[in-house]
Amino acid sequence: MRRLIHRFISCILFLSFAIGAHAQNVLAADWDDVVDGKCDDQNAAWWSSAEATRIAENVMLYQKDCGGWPKNTEMQLVLSTTQKTSLIAAKPGNVDCTIDNEANKLELTYLSKVYAAISDATLKTTIKTSFLNGVQYLLDAQYANGGWPQFYPSRGGYSDHITYNDDAMLNAMNTLRHIYQQDSEFSITAGATMITEAKTAFDKGVECILNTQYIQNGIRTVWCAQHHYQTLEPVMARSYELASLSGYESRDVIDMLMSIDNPSYEIRRAIYCAEEWYDNNRIVGKRLEDFVNGGGLDDIRVIDDLTAPDMWARFYTLDTNTPFFCDRDGIMKYTIAEIGHERRNGYSWYTYAGQDVLDDYVPWFPVWGNVVERNDILTPIYEPIDLSKDLLCYPNPSGASFSVSIGNKSIASVEIYNCFGQRVYSVITTESTLVINDHNLPSGVYFVNVTDSSNERYSQKLIIK
């Protein structure tokens with residue numbers, strides 16, 4: 001027994017010597033931390049080391065013939081000969097390839113970093129081929145309607161649906177945007193054909209986002225975590241993830257749209273309406289509290305707190321925007337206290353993502369958010385408006401009455417648009433300050449456009465409570 005222990009310790013010491021002290025940190029880390037270079041001493045020189053190239057070879061072994069990778073795999077771990085043989089044999093099966101949990105994004109990033117650091121021409125060629133196959137996987141996986149499934153090739157079930165959950169589709173789109181923009185994200189450059197295909201795929205993805213924005217009683221709202229791969233309607237995933245409006249996943253969908261320069265009318269409309277939905281569906285005066293329940297278990301509950309920051313629910317009903325919660329039985333409940341301890345504490349039912357949306361909207365709106373309608377209300381025209389001028393709508397937020405002022409200049413006309421870009425109010429006047437108390441507008445976000453007597457134009461966002 002003593003001899004066996006001695007032999008075991010000797011093997012460990014040999015492995016430590018062979019791999020190095022730094023590699024022990026890499027081996028113990030999560031795969032995403034390795035890719036991000038967060039391990040101790042994982043400096044610039046490390047990426048050209050024998051350890052880094054060993055891991056790159058692992059990444060290429062895990063890649064299937066379709067170009068995809070599995071998720072939640074610690075690809076930095078040392079592989080035995082048997083394990084390598086098994087991975088090679090599994091390549092043609094193309095099983096479990098996914099864009100979920102940052103799969104594909106992580107592997108492409110790692111290969112790109114090693115490629116940039118090494119000088120071995122043969123290995124660089126091999127890595128570049130693997131990288132481009134990974135990009136091609138994203139192009140092949142996209143549906144004709146512009147969406148991406150969670151897994152490709154199809155494995156059936158909810159993983160076939162268009163997936164915004166965990167940024168799956170957005171990660172694919174961002175990767176392709178880096179490819180066609182040829183920015184500094186990746187060290188490997190694609191060919192002209194792939195660059196063109198990446199741009200087309202990204203644009204189709206944007207179109208899918210616009211087409212999946214849920215329309216509730218004629219009003220655009222936000223998105224579900226997943227949408228049917230054919231009908232584009234919201235669909236459920238796991239038993240407790242029912243078809244719903246997502247207060248969480250929709251945030252990053254909106255961020256994607258806000259990141260687009262020179263956005264189209266359709267993109268702006270989607271952002272206007274989503275921002276208004278978040279503004280109207282905040283949960284005020286409540287917060288989550290940790291406590292020990294009657295059974296002695298750590299638990300959470302919602303309590304009143306007028307000082308608490310606004311929060312949003314993870315899921316809202318499709319018809320009434322009512323927050324709901326769910327156990328594994330799939331039965332909808334309307335308070336978190338009504339579901340069991342396991343799901344109540346094992347899932348994130350509330351989020352502060354809505355505040356991120358509202359905060360990001362503030363700098364976006366002055367740059368891209370102004371609407372000018374001409375002739376046909378269904379085809380609004382966008383024109384730049386100088387927001388440095390002194391238009392003031394007050395109070396803002398307002399109620400049944402508010403004032404519009406442009407300093408000492410005379411107002412010629414005032415037009416108010418809703419989040420669809422539809423004109424809902426207009427008046428001609430010669431006042432320098434106009435009191436509007438007869439608008440009859442429902443609560444929401446509006447855009448006040450003013451033309452003065454010199455035909456100069458002004459614009460400001462107005463919230464009506």
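Relevant structure appears above.
The present account deals with the structure reproduced in this document.

How each quantity is defined
- Residues numbered from 1 in each chain as written.
- Predicted model: local features only at pLDDT ≥ 70, side-chain atom pairs only at ≥ 80, totals over all residues.
- Heavy atoms only, no water.
- Helix = DSSP H or I, 4+ residues; strand = E, 2+ residues; numbered from the N terminus.
- Core = buried A, V, L, I, M, F, W, Y, C linked by side-chain atoms within 4.5 Å.
- Buried < 20%, exposed > 50% of the residue type's maximum accessible area, 1.4 Å probe, protein only.
- Contact = heavy atoms within 4.5 Å.

Our next topic: unusual backbone geometry. Tyr394 connects to Pro395 through a cis peptide bond whose omega is -10°. Structurally, the position occupied by Pro395 is in the loop between strand S13 (392-394) and strand S14 (402-405). Cis geometry marks the peptide bond from Asn396 to Pro397; its omega dihedral reads 10°. Structurally, the position occupied by Pro397 is in the loop between S13 and S14. A positive phi angle, near 55°, is found at Asp166, a position not held by glycine. Here Asp166 lies in the loop between strand S1 (162-163) and helix H8 (168-181).

A few words on the nonpolar core. Ranked by size, the top nonpolar core spans 103 residues in total, and within it Tyr110, Ile127, Trp148, Ile209 and Leu257 carry the most contacts. If you tally residues by element for this core, the top one is helix H9 (residues 192-212), at 9 residues. Leaving out residues up to four positions away in the same chain, Tyr110 has contacts with Trp31, Val34, Val35, Trp46, Trp47, Ala52, Ile55, Ala56 and Val59. Cys393, Val404, Ile436 and Leu441 belong to the second largest nonpolar core, which has 18 residues in total.

Moving on: the environment of Ala198. With respect to the secondary-structure elements, Ala198 resides in helix H9. On the accessibility criterion, Ala198 (0% relative accessible area) is buried. Residues Ala198 and Arg177, 21 residues apart in the sequence, show an inter-C-alpha distance of 6.9 Å. If sequence neighbours within four positions are ignored, Ala198 has contacts with Leu139, Leu176, Ile179 and Tyr180.

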